[in-house]
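The residues making up each chain are set out below.
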Amino acid sequence: MRNRIFMTVLMAAVCLSLLADGNDQQDMQETTVTRVLLPTKDSGPWPCVYYMLNSNEELNGITAAQWAGRCISEDDWAWGDGPFSSMDDQFLKTRWGSDRLPILIRRHFTLTAEEISNITRSTITLTYSYDEDPRIYLNGYLLTSKTGYNDDNYATYTLNVRNKNNLKEGDNVLAVSLRAGVGSGHIDYGLTMTSPYVPTGITQTNYIHDTTDMIIYDLQGCRVESPSSGIYITNGKKIIIK
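This one's a predicted model, so the numbers in the text were calculated from it and none came from an experiment.

Draft legend 1. Quick look at the confidence of the model for the protein. Within the protein, residue pLDDT values average 85, and 81% of them lie at 70 or more. In this model, residues 1-28 is a region of pLDDT below 50 whose contacts with residues beyond four sequence positions or in other chains number zero contacts.

Draft legend 2. Expanded view of unusual backbone geometry. With an omega of 5°, the peptide bond running from Gly82 to Pro83 counts as cis. For Pro83, the location among the structural elements is in the loop between β3 (78-82) and β4 (84-85). Cis geometry is adopted by the peptide bond preceding Glu132, which originates at Asp131 and carries an omega value of 10°. You can see Glu132 is positioned in the loop between β7 (123-131) and β8 (135-138). Positive phi outside glycine occurs at Asn139, with the angle close to 50°. On the basis of relative accessible area, Asn139 is assigned to the buried category, the value being 7%. Although it is not a glycine, Asp151 sits at a positive phi angle of roughly 55°. Tracing the backbone through its elements, the reader meets Asp151 in the loop between β9 (141-145) and β10 (155-158).

Draft legend 3. Up close: the packing of aromatic side chains. Evaluation of the coordinates by the stated rule reveals seven aromatic pairs. Where Trp46 meets Phe84, the ring centres are 6.2 Å apart and the plane angle is 50°; that geometry is what we call tilted. Of this pair, Trp46 sits in strand β2 (residues 46-52) while Phe84 sits in strand β4, and the two are 38 residues apart along the sequence. Across the pair, exposure class does not vary: Trp46 and Phe84 are buried alike.

Calculation rules
Residues numbered from 1 in each chain as written. Predicted model: local features only at pLDDT ≥ 70, side-chain atom pairs only at ≥ 80, totals over all residues. Heavy atoms only, no water. pLDDT = per-residue confidence, 0-100. Contact = heavy atoms within 4.5 Å. Helix = DSSP H or I, 4+ residues; strand = E, 2+ residues; numbered from the N terminus. Buried < 20%, exposed > 50% of the residue type's maximum accessible area, 1.4 Å probe, protein only. Phe/Tyr/Trp six-rings, centres within 6.5 Å; stacked < 30°, edge-to-face > 60°.

Laid out in structure tokens, this is it:
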């Protein structure tokens, strides 16, 4: 009887231990960090360059290599802020005559060498609301295309291995074309990257005074152009700007 009770207690302890280990492993697997590579309108206006074509026939006559790649001259493009809309609605930052003119848009984002080396472990998600017929390109290669419109909703697309292979260290371009259509039109789109969190094991604090030529992000993963005093991330490491 005493041995039976002992074995019952022992088995319960083993089960609890395995459950705890499983929970610990699950917690480790679910520990990730998300960086906004390109924000949508929820973070405010987003900078871009854009070009309005004369007709859908002109849009049909150009190739992605002529406008959607990384090494394309933007001298003749207009600088502005998205999102774009033909209506006085939540998408309107720059007005677009979508019933008459197709539009091309280019947005730039930067990836570090460390991010590229870990890219296969990262989940990169495109989020977009459109009207109408968008074709979205990454560094000149087609990611996805749709016909029609999705009202005020947002679609998502997760980059596959082939898509990720087109990413480069340094500058990258996410470009979109939209056709002119009947009635209203709009476009809002963004890109996020979710990666496993890897503790850096920092043993000393890096104090920075001059941030010239540095690519800096805040602790939420958003790029900061003019950082004030505080804690930031650059090249995958935490720094303190004084």
